[in-house]
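# Coordinate analysis (summary)
Listed here are the chains, written in short residue letters.
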Amino acid sequence: MTDLRLGLRDFLLRPYRGVLLLGRVLVCAAVILSLLAAASCTPAVDEQPAPTSVLRLSDIGPITLDPAVSGEMTSHMYITHIFSGLVTLNEELSVEGDIAKSWTVSEDGTRYVFELRDDVRFHSGRAVTAADFKYSWERACDPETGSHTAPVYLGDIVGARDMIDGKATGLRGVTVLDDYTLQVDIVSPRSYFIYKLTYPTAYVVDEETVARGADWWRQPNGTGPFMLSRWDQGSLLELRRNPDYYRTPALLDAVEFRLLAGVPMIMYERGEIDVVSVSSAYMDQVTDPANPIHRELLSSPELSLYYIGFDVTKPPFDDVYVRLAFCHAVDRERIVTVLFKDSLTVAGGVLPEGLPGYDAGLQPYRYDPDLAREFLARSSYGSAEALPPITITVSGYANQIPAYIAAAMRGWKDNLGVEVTARQLEPEIFLYHLIDERDELYSMGWIADYPSPHNFLGTLFSVGESYNISGYDNPRLEELLQKAAAETEEERQLEIYRKAERIVVEDPPILPLMYGANHVLVKPYVSGFEPNPMGVPDLTRVSVDRP
């Protein structure tokens, strides 16, 4: 999610700086205010009576509401409720039709034919047709749009790479057969392709609205269950129920996001908001049976991974033994226990628990300073003194390094004698330009966009993928990923992915730190709120019966 679809949650350790309710990116209040200065608007919607059933949340507001561009969970919270696509994920994380009522797949797995519903309309009232999807996907692949997510989520379509590279002006693999039939051809069988179409990059947008100019998304015209009805600079963003939504309408009249309105936990305790994400700073408080608030706590696993990445394309991390040394020099158990108060789980491999293909037997990188020093001695450098200067790129402001990153840096210094310096990038730069800005190390988080091992192993480590920040290139991994993509029998496919994960663990381009989890407090008068393992709860099922 995210899109980078990032799972960065520095707010777990710094709950007092612009915490977002259920997002994954900490963004400084001053920067968000500057972004919203241009974004402040009250969209032109029909006059509606004041809402009576309102869910109140705390947030910082979206970075963008353009589905083609968004690549982080901060914005996805809004986009997934304002817009929609051909298919979506249900509660069991299986693909089901959304605007598409059905689809067929050719015997060779390379042609999809989607039959669209004929009762879907943009919020403006205009009917949605197959041509709107062709336009939306071609716009996402147009280099002028600047989408970092299009190569990942639409890149399998015939002709998509040519468009993205500026070699073509249209998608050869997308054909409008009639107003409500869309044919999509992909370059080769991809078992996970249909999952990719659940991501915002594949959502439909209105060409007439986009034609208004670069800032069209500040007054979006979507197809989703909610409409943007109000957006006041650094103050309030309101979503109203779409009365003409083609699926089951939302139970709520509106959702109010109180933007940068204070410390979320304090707002929750005062009854100013109805749901709040719990950081590790409050974990002892909310889990104490003597505190009545503990009865309002909902906890669930999340399909996410926090990690430190190595730039394997340049010294010193082009040497696998240096990478292994850095992996074994960090006490990950202590980080999770002391800093996160056991609210997260130490990562085994790359695939988080709950994801198909998860391998509980993987327990690499035990904390072993002696082994770490042995690996460093076996490297081409031989000692810490011979290593070049090393910097880690992190997201943030004012030299406030996340505590878990500081702990890793301390481990490298104490156990290897390596002094690592940190360089901060503003979050909006970090999120969208890290591949160009990265130093020898970088801190990252990733939350599943779709429940397939490929979304971790392929998206993060395959050659040519835009989120392969480390620059990793392993022919054995590529061979296994291709085999898994073409395999239709699930258990055989998952075993191939497990083999692929072992390659990544043995030849590490990253140091996996921990798997994420959802911890939220929900007021007793709120029903239907369920944390989502992929980060964005479905607010259409929520109801409020405030006393």
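Residues numbered from 1 in each chain as written. Predicted model: local features only at pLDDT ≥ 70, side-chain atom pairs only at ≥ 80, totals over all residues. Heavy atoms only, no water.

Here the focus is the nonpolar core. Burial of nonpolar side chains together is a common tendency in soluble globular proteins. Among the nonpolar cores identified, the biggest contains 83 residues, and Ile308, Phe326, Trp412, Leu416, Leu441, Phe456 and Met514 are the most heavily contacted of them. The residues touching Trp412, leaving out its near neighbours within four places in the chain, are Ile308, Phe326, Ala329, Val330, Gly417, Val418, Val420 and Leu441. Membership of the second largest hydrophobic core comes to 36 residues, among which are Met73, Trp216, Leu259 and Val544. (Core = buried A, V, L, I, M, F, W, Y, C linked by side-chain atoms within 4.5 Å. Buried < 20%, exposed > 50% of the residue type's maximum accessible area, 1.4 Å probe, protein only. Contact = heavy atoms within 4.5 Å.)

Okay, the sheet that holds strand E10 (residues 254-259) next. A sheet is described by the order of its strands in space; here 4 strands give the open sequence E1-E10-E9-E8, paired in mixed fashion. At either end of the open sheet lies a strand with only one pairing partner, and these are strand E1 (54-59) and strand E8 (226-232). Looking at each pair of strands side by side, their axes are set apart by 20 degrees on average, direction ignored. Pairing between E1 and E10: 6 bridges, direction parallel. Within the sheet, the bridge partner assigned to Arg56 lies in E10 and is Glu256. (Pairing = 2+ DSSP bridges. Helix = DSSP H or I, 4+ residues; strand = E, 2+ residues; numbered from the N terminus. Axes fitted to C-alpha atoms, helices over the stretch in contact; angles between N-to-C directions.)

Attention shifts here to the pairing of strand E9 (residues 236-241). Most of E9 is tucked away: 5 of the 6 residues are buried. Where E8 meets E9, 6 bridges bridge the pair, whose relative direction is antiparallel. Counterpart to Leu228 in the pairing with E9 is Leu239. Remark: 3 residues form the turn of the hairpin made by E8 and E9, two consecutive strands paired antiparallel; Gly234 in that turn has positive phi of roughly 55 degrees.

Below, the discussion takes up helix H11 (residues 332-339). Within H11, burial applies to Arg332, Ile335 and Val336. Taken end-on, H11 shows its buried residues confined to a sector of 90 degrees, consistent with a single buried face. For H11, exposure combined with an orientation more than 90 degrees from the buried face picks out Glu333 and Arg334. The secondary structure elements touched by the buried residues of H11 are strand E13 (345-346), helix H13 (403-416) and strand E17 (510-522). Phi turns positive, to about 50 degrees, at Lys341, one or two residues after H11. (Arc of directions from axis to C-beta.)

Moving on, we come to the pairing of strand E12 (residues 297-310). Across the 14 residues that make up E12, a large majority, 11, are buried. Sheet analysis places E12 next to E17, joined by 10 bridges and oriented antiparallel. The residue bridging Tyr306 from the neighbouring strand is Met514, located in E17.

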